[in-house]
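# Observations on the three-dimensional arrangement
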Amino acid sequence: MAKRIDVSGLSAYYGAHKAIDDISMTVEPRSVTAFIGPSGCGKSTFLRTLNRMHEVTPGGRVEGKVMLDDENLYGTNVDPVAVRRTVGMVFQRPNPFPTMSIFDNVAAGLRLNGNYKKSQLNDIVEKSLKGANLWNEVKDRLNKPGSGLSGGQQQRLCIARAIAVEPDVLLMDEPCSALDPISTLAIEDLIGELKERFTIVIVTHNMQQAARVSDRTAFFNLAAVGQPGKLIELDDTERIFSNPSVQATEDYISGRFG
Amino acid sequence: MSHAIQDRPLSVAPRRGTLSHARLPRWTPAAVAAGSVLAGVGTGLAAGWHSKVQWGLISALLFVLVTYALTTKVEGSRQAKDRVATSLVWVCFVLAVVPLLSLAWVTVSKGLAVLDGYFLTHSMNGVLDAEAGGGIYHALLGTVEQVGIATLIAAPIGLLTAVYLVEYGGGKLAQAVTFFVDVMTGIPSIVAGLFVLTTWNLTLGFGPSGFAGAMALAILMMPVVVRSTEEMLKLVPNELREASLALGIPKWRTILKVVLPTAIGGITTGVMLAVARITGETAPVLLLVFGTKLINPNPFEGAQSSLPLYVYEQYAVGTDAAVARAWAAALVLIAFVMILNLVARGIARWKAPKTGR
């Protein structure tokens, strides 16, 4: 549960295009790390390299090492499917499976992986929905389709689906950008609770959000359009937002960027 | 149109500086249509034209022109263009529906004459072509068996090909497959029949059978299944695939449990349309199944019959009794295809992703 991520010398490519260049960082267990930076700087790409989702994109390719505790995710003989069971992901837009009920959506990861006991399924679904603060809203309609929920509820359903398989790390790619402020608040509260159990990495365009939810913040930037994105600095969130050590970070945070 | 009474007078000049303007009453299109048809029929009768097509064309032309003139006068030129576009759509709709309805009407009215339980449950065994009696049981059985076997061959291959093209393909092989599927779509049915005839019957030495016909039908069906399934799989949002993969679900299970169920409604419809297409094929059946008057339940040995082939044979005989049988068989064929389509729609609706609102 809750593992440390240690990235060293990681570059990711889309075909011949280098999207991120030589990134090294450490993400502490049981903490929230936020990635901020302008669009196109490679935050999401980097996030997707952390559970080997980057290579799902045609032409996606990665160089470097990502250590999860003491195991290299990109080592030989490492099964990407096993990696993704350990490192879960929540996407920008809520994407519940449209053919499945709320219950089936949460149970999907377990059922389709095949490693579960039938008697436990009800408990796991209930626990996951409670963990995602959605249980009270949906407990009477578990057999209704997940796509009938509101956007904020759908996103919490997706979080419940992700935590139902008990990953060690939870990656969130702008999980609130399609949601209203109230749903956003619900998810942010949830992130605060989830960090007791998981290592959380969140990409966000909302700097207040990064300041509110994260313990550590990483600022990414790119030299120019078409250039690969780079990690500028990673520090305690408080320090990044009050007294960053790099001028570019301060410019970006205070809105003087570009 | 009982609710036709409008509180606004028919022609008031548009007032400047307001957002409202004079509108034609809601019954205008219907009234213009009725008037145009009357005028068309009247002109046709007066001039003594026999061709109903001329009557219809005059009516359609009048409908569009009068709508345009009237709207320009009352509502202005932008609304007139809008109405003309709407009228043209309606005219095209009617032009498309008239042949369909007339076909259905003629088939039903001529086909019902001999269509009864006896006709459906008896073959032509011992019935002379010229005399009345007999039935289509042997042809119906043949069609069901041949189409069933063709679907069993073509649907899985087509489905898997489409899955390959959408989920795995991307290289040279996928391009080649796409190209050959396109080429196959254009194969005339007689060529598919000749292909099976030369390989299966002439080279390998098998006799005519329902199975030989089914193979030719499968060749015709496959590209249709591939194309429609491909389109349906492309409609499945990539986000669903990523959501599933990110849960640590292997790709093959993602395809099987997430992608295919999401698209299953459209895929079923596509397969059923392909089935409907091959059900009416005559040429390969004529070459390969050969036709018989007897009931042959074994599709792997001996000549069979099929509905399109039966229609063709009976119509070729030309006696009143035979032509009546041909119409009845045609009606059964249409009903068969229609039932398949309704079943497909039912499945599509039943399996479609539910919104649950």
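Before reading further, recall that the structure is shown in the block above.
Residues numbered from 1 in each chain as written. Chains lettered and ligands numbered in written order. Predicted model: local features only at pLDDT ≥ 70, side-chain atom pairs only at ≥ 80, totals over all residues. Heavy atoms only, no water.

Assigned secondary structure in chain A consists of 10 helices and 10 strands. At 18 Å, chain A has a C-alpha radius of gyration in line with the 18 Å of a compact globule built from 258 residues. Expressed along its principal axes, the backbone C-alpha trace of chain A runs to roughly 55 × 45 × 30 Å. Here chain A holds 258 residues, and 54% of them are scored as buried. (Helix = DSSP H or I, 4+ residues; strand = E, 2+ residues; numbered from the N terminus. Rg over C-alpha atoms; globule rule 2.2 N^0.38 Å. Buried < 20%, exposed > 50% of the residue type's maximum accessible area, 1.4 Å probe, protein only.)

A tally of helices and strands in chain B yields 13 helices and zero strands. For chain B, the sequential pattern of α-helices and β-strands runs α-α-α-α-α-α-α-α-α-α-α-α-α. Radius of gyration (C-alpha) of chain B: 27 Å, far over the 21 Å computed for a compact globule of 357 residues. On the principal axes, the C-alpha backbone points of chain B span a range of 85 × 70 × 35 Å. By residue count, 39% of the 357 residues in chain B fall in the buried class. Residue pairs at least 24 apart in sequence account for 69% of intrachain contacts in chain B once pairs closer than 6 positions are excluded. For chain B, the computed accessible surface area is about 19400 Å², with 71% contributed by carbon and sulfur atoms. When the 26 basic and 17 acidic side-chain charges of chain B are each reduced to a single mean position, those positions are 15 Å apart. (Contact = heavy atoms within 4.5 Å. Areas by Shrake-Rupley, 256 points an atom, 1.4 Å probe, with all protein chains shown as cover. Lys, Arg positive; Asp, Glu negative; His and termini not counted. Charge placed at Lys NZ, Arg CZ, Asp CG, Glu CD.)

The next subject is the nonpolar core. Counting 78 residues, the largest nonpolar core has Ile5(A), Phe35(A) and Phe46(A) as its most contacted members. When sequence neighbours within four positions are dropped, the list of residues in contact with Ile5(A) reads Met25(A), Thr26(A), Val27(A), Leu50(A), Val66(A), Met67(A), Leu68(A), Val169(A) and Val201(A). (Core = buried A, V, L, I, M, F, W, Y, C linked by side-chain atoms within 4.5 Å.)

What follows concerns the state of the cysteines. The tally for this structure, following the rule as stated, stands at zero disulfides over all chains. Looking at Cys158(A), it has no disulfide partner, and the nearest cysteine sulfur is the one in Cys176(A), 12 Å off. (Disulfide = S-S within 2.5 Å.)

Another point: the interface of chain B and chain A. Each partner contributes residues to the interface: chain B has 21 residues there, and chain A has 30 residues. Around 2100 Å² of area is buried between chain B and chain A when both sides are counted, 63% of it from carbon and sulfur atoms. Linking chain B to chain A there are two salt bridges. Our enumeration of links across chain B and chain A arrives at four residue pairs in polar contact (both at pLDDT 80 or more). Breaking the side of chain B that touches chain A down by element, the ones donating at least two residues are helix 9 (238-246) and helix 10 (251-279) of chain B. No other element matches the seven residues that helix 9 of chain B contributes to the side of chain B that touches chain A. For the side of chain B that touches chain A, the residue count by class is 10 nonpolar, five polar and six charged. (Buried area = accessible area lost by both parts, 1.4 Å probe. Salt bridge = Lys/Arg side-chain N within 4 Å of Asp/Glu carboxyl O. Polar contact = N/O pair within 3.5 Å; in protein donor to acceptor, adjacent residues only side chain to side chain. Nonpolar A, V, L, I, M, F, W, Y, C, P; charged D, E, K, R; others polar.)

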